[in-house]
Amino acid sequence: MIQIECPKTRNLLAAILLGSILFLASCGQSLESHLKKGEELFQQRRYDAALMQFRAAADIDETSADAQWGLARVFESQEKFLETIESLRKVVDFAPDNLEAKTKLANYYLLFNPPQVDDADKLLQEIYKKDRGYVEGVILEASIQSARNRPEQEIVATLRKAINIDKKRAESYLALSRFYMKVSKPEEAEKAIEEAIAANPKSAVAYVEYGRFLGFEGKSEESEAKYLKAVEIAPKDYEAGLALASHYIYSGQKDKAEQKFKSMAAAQGNSAEGRMDLGRYYQLSGRDDDALKVFDGILKETPDYARARYLTAEIYLGRKDLEKTKAEIEKLLSINDQDFEALLLSARLKLAEGKAEDAVSDIEEVLRKQPSHREGLYYMTQARIDMGQIDQARSFIGDLEKYHPSFRKTSLLKMQRSFAANAPEDVVKEADLLIFRVSNLFPADAFKSAELEQLRLNGFMSRGLARLQLGDVEGARTDLLAAEKMSPSLAAAKVNLAKTYIAEKNYDAAADYYSKALALDESDFDALSGLVSVLGRQGKFADAFARIDARIAKSKADNTALAALHFLKSEVFGNQGNAAASETELKEAIAADADYLPAYSAYASVLINKNQTDEALKQYQTVLQKKPSASIYTLIGILEDGRGKYDEAEKNYRKALEMNPESAIAANNLAWLIADTGKGNLDEAMKLAGDVVKANPKVSGYYDTLGWVYLKKGFNDQAVEQFKQAVALDSSEAQQSGRTINPGYRFRLGLALHSAGDKDAAKREVATALKEGSAQFSAQELKNAKLILGES
C-alpha cells in the first residue's frame, strides 16, 4: 500500500500529538478538501476514486453528514443496496433536516421484500413536520399508499397534489406516469409525460422518459425523435446522451451508437471515464478486441485504473483465457491486496477451473469484512452449488433475498439449485417468474438493458432444459429456439437445441446443431463431446476420432484440455468395444494432466472390470494424495463395500462425510450399509437417509434406502410409503429416458407390504419385480420371494 507523508519536521513528536485532523490539514488533506475532491470525482462518475475521498472525510469526522451523503450517493450509483441504506441512516442521524436523505431512505425501505412500510411512514411524518409542502415527500406518500394497496384514485390524487405544489416541475408528472405504467395504463402514462413537457418544455429528463416510453411501446422512430430533442436541449447531459446511444443499440443502428459513445467521450475531454463507456459499448456489442484496445489505452496512461482492469479480466475470463485472467487479477491485487472485486474475480477464475473449494476461501475473505456483500454472496452460492452443498447454497440465497431484494440474478441461483436438486418443475416456475419480471421492466440505458436481456436469455435456456428433463420436448425446443434467436452467435444455445433432437433420436439434426456450435466456438468442449457422442451412436467412429484428433493438435499447450480430450477419446473407444485402446487413452489423459480426476476414476473402473480391484484402489489413493476429496472417499467406500469389506467401506464413507456433510451418496450408502449389515445404529441410519431424501426429493434410490432402514427398524407402514415413492419416481424416470424400471424397488416394496400385513399387494409387487429382472436378485432374495408368492 502506498502511503503519502508530509515532509519531515524537527518537531515530529509534537506534530503527532497535534492529532490526525491537524496533521491532515497541514498536508492539505482537510475534511473540506476530501469532500470537495470527492464531489468532483463523483460528478466525473469516477465512483471508486470518489468513494476513497468520502471515506477519508468520514475517517476525519465520523459525524460528518456531508461525508456520509457522499458515500450514500456513490453506493447508490454502484447499486450497493445495504451500504446505501447504512450511509443514508447516518445522514439522517447527523443532519435531521436533510429531507432529501430522509426521502431517499424511505424509498429504499419500500424496496425491501416485504416493504418496510411503517419505517418509511415514520420518516414521512418527520418530513411533514419540517415541511408539509416538500414535493418529494408528497410523492413518497403516494408510494407508501401504493405499497399499502390503497385505491388508485387516492394515489393519483396524492400525486396530483405534488404536481400542484410546483406545476413546472417535470419530475412530479413523471412520477404519475410511472404509476400509471405500474397499473398497466399506458395511455394515461403518456398523457402525464406530455403534461410534463407542456409544463417545462426545456426538461431533458421529460423527453428522455418519453423516448423510453415510446421505445417500450415499440415506436422506434418516435422514440428516437424524443431522445434527439433531449440531447438538443441539454447537449452535455450524460443521461440524455446515454439514452440516445442506447436507443441506437436497440434499433440496430450500431454505427450511430458507436459514434455517439465516441462523441460523449470527446465531450468529456477523452477522459478515462468517457472512454470506459465506449469500451463497455464494444464489450456489450461482442467486439471484445476493440474493448480491450480501449481498456489497454486507459491502463497505459493510468495503470492503477481498476475499473478498466476488472473489465479486461472479465473479457479474458469469458474467453476462457485463464492465464491472462490470472495475470490481470495479480496486477489488481499487487495494487491493493484487499480489493474485493479482484478477490471475487479470483474466485470466479477458480470456479472456471473447477476448483470450487479454493474459490470459497477467496469469497470468505470478502464476506468476513462485508457479510452482506452482494457479489460475495452470489459467488459463494455459486461455489456451494458447484460443490453439491445445496442446503448451504439455500442459506446464502436467503441472505441475498434479505439484503438485496431487487437483485434479479438471485433467480439464476435458484434455478441452478433446483437443477442440482433434480427438481426441474421448480426450475420452470422460477424461469416463468424471471422471464415475466424482466420482460416488464423499463431499462434505463443500454448497459442495464443488456443485463436484463441476459437474464431473459438465461430464463429461456433454463426453462427449456428443465422442460426437456420433464419430457416436454416441444416446449423445450420452443424455449431454446427463442434463446437462439436472442443470441444467434452463442454456441451454448446451439448445444442445447441439439439435446432436444437427441431426445427424439434425430441424430442427424443433433449433429448439425453441434457442428454449428463448433463453428461459432471450436473450443466448446460440450459441443465437441456432444457431437462425438452422436457420431458414435451413428457408428461414425472415424469421424468422431477425426474431430477429437483435430482438437488435440490445437491443444498441445493446454494440459487440462489435452487430458479431457484423451478422456473423451477413451470413451469413444469404449463404445466401439476396443477396451485396450480405451485404457491407453486414459493413461494418456493422466500423463497429460496428473490432476485430471475423471481419468483416474475411469481407469480405476477399467481395473475393476478386469478384476484388479486392488490396483483400482491404488489409483484412488493416488488421487487422494494429490487432492483429498469426498467423492474419492465415497468411491473407495463403494469398492470396499462391493468386495465385502464393510468396516473399510464405513470408514471411507465417514471420511467423505467429514469433508462434505452434504455428500448425499456417502450418507445414503452409509445408511444402507448400517441397515443391511446390522452393524451400527439404525437411528443414525434413519437420520442419514431422512436428511438425504429431504435434500434430494426427486431421487428414487434415496427413498429406497430410507424405506429399507424403516423396514429394518420395524416401521412397516413408513417403509411402504418410502418404497412406493421410490417406485413412482423410478417409473417416471424410466419412461422419460427409455430405460427399464429397477425391479429391486418393487421387490422391497413387496417385502414391506408383506410385513405390514397386505399379502395380496405384496404378491403383486414381488411377481412384477421377478418378471422385470429375476437375475438381479440374490439367492436369499429369491428364497424370500418364493415364500411370499407361495402363501395362500
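All values reported here derive from a predicted model rather than from experimental measurement.

S.K.: Got a sec to walk through the packing of aromatic side chains? Specific residues and values, please.
M.R.: Across all of its chains, the model carries 13 aromatic pairs by this definition. Geometrically, the ring pair formed by Y281 and Y282 is tilted, given 5.7 Å between the ring centres and 45 degrees between the ring planes. Looking at Y281, the relative accessible area reads 1%, which means it is buried. Classification of Y282 by relative accessible area gives buried; the value is 5%. In this structure, R477 packs its charged tip against the face of Y501, placed 4.0 Å from the ring centre.

S.K.: Provide a residue-level description of the environment of E364, including the pertinent values.
M.R.: Mapping E364 onto the fold places it in helix α22 (residues 356-369). Placed 20 residues apart in sequence, E364 and L344 show a C-alpha to C-alpha distance of 9.8 Å. Not counting residues up to four positions away in its chain, the partners in contact with E364 are M380 and R384.

S.K.: How would you summarise the confidence of the model for the protein chain if you had to cite specific residues and measurements?
M.R.: Here the protein chain shows a mean pLDDT of 86. Residues at 70 or above account for 93%. Contacts from residues 1-27, a stretch scored under 50 in pLDDT, to residues over four places away or in other chains number 8 contacts.

S.K.: Got a sec to walk through the side chain of R384? Specific residues and values, please.
M.R.: Summarising the element assignment, R384 is placed in helix α23 (residues 374-386). According to the relative accessible area criterion, R384 is buried, its value standing at 10%. Reaching out from R384, the side chain makes a polar contact with the side chain of Q392 at a distance of 3.3 Å. Aside from chain neighbours lying at most four places away, what touches R384 is V360, E364, Q389, Q392, A393 and F396.

S.K.: Hey, could you go over the pattern of salt bridges for me, with residue numbers and the actual values?
M.R.: Scanning the model with the defined rule gives 59 salt bridges in all. Measuring nitrogen to oxygen at the nearest pair gives 2.8 Å for the salt bridge that ties K104 to E76. Linking K104 in helix α7 (residues 99-109) with E76 in helix α5 (residues 65-77), this pair joins segments that are 28 residues apart in sequence. A salt bridge links K569 to D549; the shortest N-O distance between them is 2.8 Å. Linking K569 in helix α33 (residues 559-576) with D549 in helix α32 (residues 541-553), this pair joins segments that are 20 residues apart in sequence. Accessibility expressed as a relative area gives 33% for D549, which makes it partly exposed. Several salt bridges share partner residues, and in doing so they unite E258, K262, R287 and D290 into one network.

Basis of the calculations
Residues numbered from 1 in each chain as written. Predicted model: local features only at pLDDT ≥ 70, side-chain atom pairs only at ≥ 80, totals over all residues. Heavy atoms only, no water. Phe/Tyr/Trp six-rings, centres within 6.5 Å; stacked < 30°, edge-to-face > 60°. Buried < 20%, exposed > 50% of the residue type's maximum accessible area, 1.4 Å probe, protein only. Lys NZ or Arg CZ within 6 Å of the ring centre and 35° of its normal. Helix = DSSP H or I, 4+ residues; strand = E, 2+ residues; numbered from the N terminus. Contact = heavy atoms within 4.5 Å. pLDDT = per-residue confidence, 0-100. Polar contact = N/O pair within 3.5 Å; in protein donor to acceptor, adjacent residues only side chain to side chain. Salt bridge = Lys/Arg side-chain N within 4 Å of Asp/Glu carboxyl O.

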